[in-house]
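Chain residues, written in single-letter form:
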Amino acid sequence: LGGVSMQYLFKGSQSQERLDWLFAMCKIKSADIKAAASDHLVKGMSKSHAALLNNVPAPNLTRALKTLNTYAELVEKIKAHDAQHSQYYALRAGL
């Protein structure tokens, strides 16, 4: 899961449900970090304000957002793969 990746997550760009699914995939467990990430990605708060409001050091929030972005990238790659191969899978399944 390394290398240079695109930015998939932006301020205010996520639903809480989608963010919860990303949390379920990664190892972020801290309730404060999750709340700060939600304030930034769902509610559209700036990173610095979200960190401050949730008593989270800004570098910790930045690290968590990078982790979440890595998983969001994987989700997008899976979606693109499935879209490319859906016709093949349908033919193979006899649909």
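Here we summarise the structure given alongside this text. The shown structure was predicted, so the numbers you read here are calculated from the model rather than taken from an experiment.

**Examining the overall build of the protein**
- Summing up its helical and strand segments, the protein has four helices and zero strands in all.
- For the protein, the N- to C-terminal ordering of α and β elements is α-α-α-α.
- Taken against the 2.2 N^0.38 rule, which gives 12 Å for 95 residues, the C-alpha radius of gyration of the protein at 16 Å runs more than 25% over that of a compact globule.
- Once the C-alpha set of the protein is aligned to its principal axes, its extents read approximately 55 × 25 × 20 Å.
- Out of the 95 residues in the protein, the part that is buried amounts to 28%.
- Carbon and sulfur atoms make up 58% of the accessible area of the protein, which totals about 6,400 Å².
- Taking the 12 positively charged and 7 negatively charged side chains of the protein as two groups, their mean positions are separated by 6 Å.

**Brief notes about the nonpolar core**
- The biggest cluster of nonpolar side chains holds 19 residues, and the ones touching the most others in it are I28, L61 and L68.
- Contributions of two or more residues to this core are made by α1 (16-25), α2 (31-41), α3 (47-53) and α4 (58-92).
- It is α4 that provides the largest number of residues to this core, a total of six residues.
- Here L68 is in contact with L9, L19, L22, F23, C26, I28, A37 and L41, once residues within four sequence places are set aside.

**Regarding the environment of D82**
- Here D82 lies in helix α4.
- What makes D82 partly exposed here is its relative accessible area of 39%.
- At 3.3 Å, the side chain of D82 forms a polar contact with the side chain of H81.

What counts, and where the lines are drawn
- In this convention, every chain numbers its residues from 1, walking through the sequence in written order.
- Residue-level local features of this predicted model are given only where pLDDT is at least 70; pairs of side-chain atoms are given and counted only at 80 or more, and the full residue set underlies all totals for whole chains, interfaces and linings.
- Hydrogens and water molecules were not included; the side-chain quantities draw on all heavy atoms of the structure.
- Where helices and strands are cited, they refer to DSSP runs of H or I of at least four residues and of E of at least two residues respectively, numbered from the N terminus.
- The globule rule used here is 2.2 Å times the number of residues to the 0.38 power, and the radius of gyration it is set against is calculated over C-alpha atoms.
- Relative accessibility thresholds used throughout: buried, under 20% of the residue-type maximum; exposed, over 50%; partly exposed, between the two (1.4 Å probe, protein chains only).
- What sets the accessible areas is the Shrake-Rupley method with a 1.4 Å probe; for residues, cover comes only from the shown protein chains.
- Charge assignment in this entry is limited to Lys and Arg as positive and Asp and Glu as negative, and neither His nor the chain termini are counted.
- Every charge is mapped onto a representative atom, which is NZ of Lys, CZ of Arg, CG of Asp or CD of Glu.
- For this analysis, a nonpolar core means a set of buried residues of the types Ala, Val, Leu, Ile, Met, Phe, Trp, Tyr and Cys, connected via side-chain atoms within 4.5 Å.
- When checking whether two residues touch, look at their non-hydrogen atoms; a contact exists if any pair is within 4.5 Å.
- Polar contact criterion, stated in full: a pair of N or O atoms within 3.5 Å, where within protein one must be able to donate a hydrogen and the other to accept it, and residues adjacent in sequence count only if both atoms are side-chain atoms.

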